[in-house]
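These are the residues of each chain, in order.
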Amino acid sequence: MTQPVSDTRRDVSDIVEENAHAIGQLIDLLQALPGNLYRQSFGHRKQHVIGKHVRHIIDHYSALLSATDCPGALLDYENRNRDLSLETDRRTGGHRLSGILRELRNRFGTEYRNELAMLHNSDGKW
């Protein structure tokens, strides 16, 4: 069953605003977080780093925005650009997140009608 366009539009707007809220919270955290904590390793095996998680988030949003920039493009979260400099500089991460926030609202704040194809590996096989 297909939803009416007005319901679909509202749903996309709601999703964008939920994401915008979460991104805004992360930006606020990065502004308050000391730089050494952004790069510090945590956890039992010292493999968790806030900066790596922030970079991972940015990589996924960037992949989405790149795929929706060109009609017919394929969204592939496995083959995304990984900007490793985002793992060490919280200010760069915060600036990049601010840009993503603006772009999400610009891209999806007006009616977005393009379909998006996604390459997805859900069972370990292509």
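Data block above holds the structure.
All of these numbers come straight from a predicted model, not from anything done at the bench. (Residues numbered from 1 in each chain as written. Predicted model: local features only at pLDDT ≥ 70, side-chain atom pairs only at ≥ 80, totals over all residues. Heavy atoms only, no water.)

### Overview of the overall build of the protein
Okay, step 1: Check the secondary structure of the protein and you find 4 helices and 4 strands.
Okay, step 2: Listed N to C, the secondary structure of the protein is α-α-β-β-α-β-α-β in terms of helices and strands.
Okay, step 3: The buried share of the protein, reckoned over its 126 residues, is 29%.
Okay, step 4: In the protein, once contacts between residues fewer than 6 apart in sequence are set aside, the share between residues at least 24 apart is 72%.
Okay, step 5: Carbon and sulfur atoms make up 51% of the accessible area of the protein, which amounts to about 8600 Å² in all. (Helix = DSSP H or I, 4+ residues; strand = E, 2+ residues; numbered from the N terminus. Buried < 20%, exposed > 50% of the residue type's maximum accessible area, 1.4 Å probe, protein only. Contact = heavy atoms within 4.5 Å. Areas by Shrake-Rupley, 256 points an atom, 1.4 Å probe, with all protein chains shown as cover.)

### Comments concerning the packing of helix 3 (residues 50-69) against helix 4 (residues 90-109)
Okay, step 1: Taken N-terminus to C-terminus, the directions of helix 3 and helix 4 make an angle of 30°; their axes are 10 Å apart at the nearest point. In terms of orientation, helix 3 lies roughly parallel with respect to helix 4. The element helix 3 and its partner helix 4 pack so that their crossing is left-handed. Residues Val54, Ile58, Tyr61, Ser62, Leu64, Leu65, Thr68 and Asp69 of helix 3 form the contact with helix 4, whose own contacting residues are Gly93, Arg96, Leu97, Ile100, Glu103, Leu104, Arg107 and Phe108.
Okay, step 2: Considering only residue class, the contact of helix 3 with helix 4 consists of 9 nonpolar, 3 polar and 4 charged. (Axes fitted to C-alpha atoms, helices over the stretch in contact; angles between N-to-C directions. Parallel < 35°, antiparallel > 145°, perpendicular 65-115°, else oblique. Left-handed = near helix turned anticlockwise from the far one by under 90°. Nonpolar A, V, L, I, M, F, W, Y, C, P; charged D, E, K, R; others polar.)

### Quick notes on the nonpolar core
As a rule of thumb, nonpolar side chains are buried together in soluble globular proteins.
Okay, step 1: Ranked by internal contacts, the top residues of the largest apolar core, which has 22 residues, are Ile23, Leu30, Val54, Ile58, Leu97, Ile100 and Leu104.
Okay, step 2: Of all the secondary-structure elements, those providing two or more residues to this core are helix 1 (5-32), helix 3 and helix 4.
Okay, step 3: The biggest single contributor to this core is helix 3, with 7 residues.
Okay, step 4: Discounting chain neighbours no more than four positions away, the residues touching Leu97 are Ile23, Leu26, Ile27, Leu30, Val54 and Ile58. (Core = buried A, V, L, I, M, F, W, Y, C linked by side-chain atoms within 4.5 Å.)

### Quick look at the pattern of salt bridges
Okay, step 1: The final tally for this structure, using the stated rule, is 7 salt bridges.
Okay, step 2: Between Arg105 and Glu17 there is a salt bridge whose closest N-O contact spans 2.9 Å. Note that Arg105 is positioned in helix 4 and Glu17 in helix 1, a separation of 88 residues in sequence.
Okay, step 3: Taking the relative accessible area as the measure of exposure, Glu17 reaches 37% and is therefore partly exposed.
Okay, step 4: When the shortest N-O distance is used, the salt bridge between Arg107 and Glu103 registers 2.6 Å. Of this pair, Arg107 and Glu103 both sit in helix 4, 4 residues apart, which is roughly one turn of the helix.
Okay, step 5: Accessibility expressed as a relative area gives 28% for Glu103, which makes it partly exposed.
Okay, step 6: Here the salt bridges do not stand alone but share partners, grouping Arg55, Asp59, Arg80 and Glu87 into one network. (Salt bridge = Lys/Arg side-chain N within 4 Å of Asp/Glu carboxyl O.)

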